[in-house]
Amino acid sequence: MTFVTYEDTPLARDALREVLSICHREKFSWQDHDMLRVLGEPGGLLFFVPSPDQEPTAIRQWDGFVFADCGPFSCDLLYIFVRPELRGTGLGAKLFQELIRRVSLDPKMEKLFLEVRVSNSRAKRLYEKFGMRKIGTRPRYYNDGEDADIYEYLTGAKVAKYP
């Protein structure tokens, strides 16, 4: 599977416009300017899975993406998205596995965090399958008032600290 990392090019900007449009439709709580700010910082990470029939340099059509904000010691998964018609095909697992791989390459990186809707049992099963554990809940985290469960994944040497 091919993963294309966002770089500020015309083709990538087209893909980013589509990402922002999907985030609005999916009621993603981040604003465009916040996403662009994160991508402009050293730890901003956005990568795509191009549709199989696309040329490697043309990412206008893609099947899923991951958006994360990585600091020196931890990374926050902000959004993972798979096109609705491809959900349940394992693409979300591959995207998440690629994020874990990238985060684990940095020897200073200790943790990966994320928030997920308490009602999103499908996503929570995926995260737990990869060894994430629930560490708390944020009341009324989402714009519609739904709570978020907080998950954590320990990377590298930190893994040994789990019971």
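Everything discussed here concerns the structure shown above.
The sections below set out a description of the structure shown in this document. Note that the structure is predicted; figures quoted are calculated from it, not measured.

### Here's the deal with the sheet that holds strand E4 (residues 74-82)
In a beta sheet, neighbouring strands pair by backbone hydrogen bonds and run either parallel or antiparallel.
Then, number 1: An order of E1-E2-E3-E4-E5-E7-E6 is seen for the seven strands of this open sheet, with the pairing classed as mixed. Every other strand in the sheet has two partners, leaving strand E1 (4-5) and strand E6 (133-138) as the edge strands with one partner each.
Then, number 2: Pairing of strand E3 (residues 62-70) with E4 involves seven bridges; the strand directions are antiparallel. Residue pairing in the sheet places valine 66 in a bridge with isoleucine 80 of E4.
Then, number 3: Sheet strands in contact with helix H3 (residues 91-104) are E1, strand E2 (44-50), E3, E4, strand E5 (111-117) and strand E7 (148-154), and its direction is about 160 degrees off that of E4.

### Section: the pattern of salt bridges
Then, number 1: For the structure on display, the rule yields nine salt bridges.
Then, number 2: For glutamate 98, the salt bridge is made with arginine 102, and the minimal N-O distance between the two is 2.8 Å. Of this pair, glutamate 98 and arginine 102 both sit in helix H3, four residues apart, which is roughly one turn of that helix.
Then, number 3: Given a relative accessible area of 9%, glutamate 98 falls into the buried group.
Then, number 4: For glutamate 146, the salt bridge goes to arginine 117, with nearest N and O atoms at 2.7 Å. Of the two residues, glutamate 146 is situated in the loop between E6 and E7 and arginine 117 in strand E5; the sequence distance between them amounts to 29 residues.

### Quick notes on H3
Then, number 1: Helix length check: H3, at 14 residues, gives a terminal C-alpha distance of 20 Å against a target of 20 Å (1.5 Å per residue), a fit within 8%.
Then, number 2: The set of residues buried in H3 consists of Leu91, Gly92, Ala93, Leu95, Phe96, Glu98, Leu99, Ile100 and Val103.

### Quick look at the state of the cysteines
Then, number 1: Per the counting criterion, the structure on display carries one disulfide.
Then, number 2: One disulfide bridge connects cysteine 70 with cysteine 75, the sulfur atoms lying 2.2 Å from each other.
Then, number 3: The class of cysteine 70 is buried, set by a relative accessible area of 18%.
Then, number 4: According to the relative accessible area criterion, cysteine 75 is buried, its value standing at 0%.

### Concerning the packing of aromatic side chains
Then, number 1: Under the definition given, this model contains seven aromatic pairs.
Then, number 2: Considering the side-chain rings of tyrosine 79 and phenylalanine 81, the 6.3 Å spacing of their centres and the 15 degrees angle between planes classify their relative orientation as stacked.
Then, number 3: Taken together, a centroid distance of 5.1 Å and an interplanar angle of 50 degrees make the contact between phenylalanine 96 and tyrosine 127 tilted. With a gap of 31 residues between them, phenylalanine 96 in helix H3 and tyrosine 127 in helix H4 (residues 121-129) connect regions that are remote in the sequence.
Then, number 4: Overall, the relative accessible area of 6% leaves tyrosine 127 in the buried class.
Then, number 5: Taken together through their ring pairs, the aromatic side chains of Phe96, Tyr127, Phe130 and Tyr151 make up a single cluster.
Then, number 6: Taking the ring centre of phenylalanine 47 as reference, the NZ or CZ of arginine 102 above it sits at 4.2 Å.

### As for H4
Since the α-helix turns once every 3.6 residues, residues separated by three or four places project in the same direction.
Then, number 1: Of the positions making up H4, those classed as buried are Ala123, Lys124, Leu126 and Tyr127. All buried residues of H4 lie within an arc of 160 degrees about the axis, which places them on one face of the element. Across H4 from its buried face, at more than 90 degrees, point the exposed residues Arg122, Arg125 and Lys129.
Then, number 2: Turning to H4, the residues buried within the fold contact E4, H3, E5 and E7.
Then, number 3: Phi turns positive one or two residues past the end of H4, at glycine 131, with a value near 95 degrees.

### Here's the deal with the environment of proline 50
Then, number 1: Counting through the fold element by element, proline 50 comes out in strand E2.
Then, number 2: With relative accessibility at 13%, the residue proline 50 sits in the buried group.

Parameters at a glance
- Residues numbered from 1 in each chain as written.
- Predicted model: local features only at pLDDT ≥ 70, side-chain atom pairs only at ≥ 80, totals over all residues.
- Heavy atoms only, no water.
- Pairing = 2+ DSSP bridges.
- Helix = DSSP H or I, 4+ residues; strand = E, 2+ residues; numbered from the N terminus.
- Contact = heavy atoms within 4.5 Å.
- Axes fitted to C-alpha atoms, helices over the stretch in contact; angles between N-to-C directions.
- Salt bridge = Lys/Arg side-chain N within 4 Å of Asp/Glu carboxyl O.
- Buried < 20%, exposed > 50% of the residue type's maximum accessible area, 1.4 Å probe, protein only.
- Expected span 1.5 Å × (residues − 1).
- Disulfide = S-S within 2.5 Å.
- Phe/Tyr/Trp six-rings, centres within 6.5 Å; stacked < 30°, edge-to-face > 60°.
- Lys NZ or Arg CZ within 6 Å of the ring centre and 35° of its normal.
- Arc of directions from axis to C-beta.

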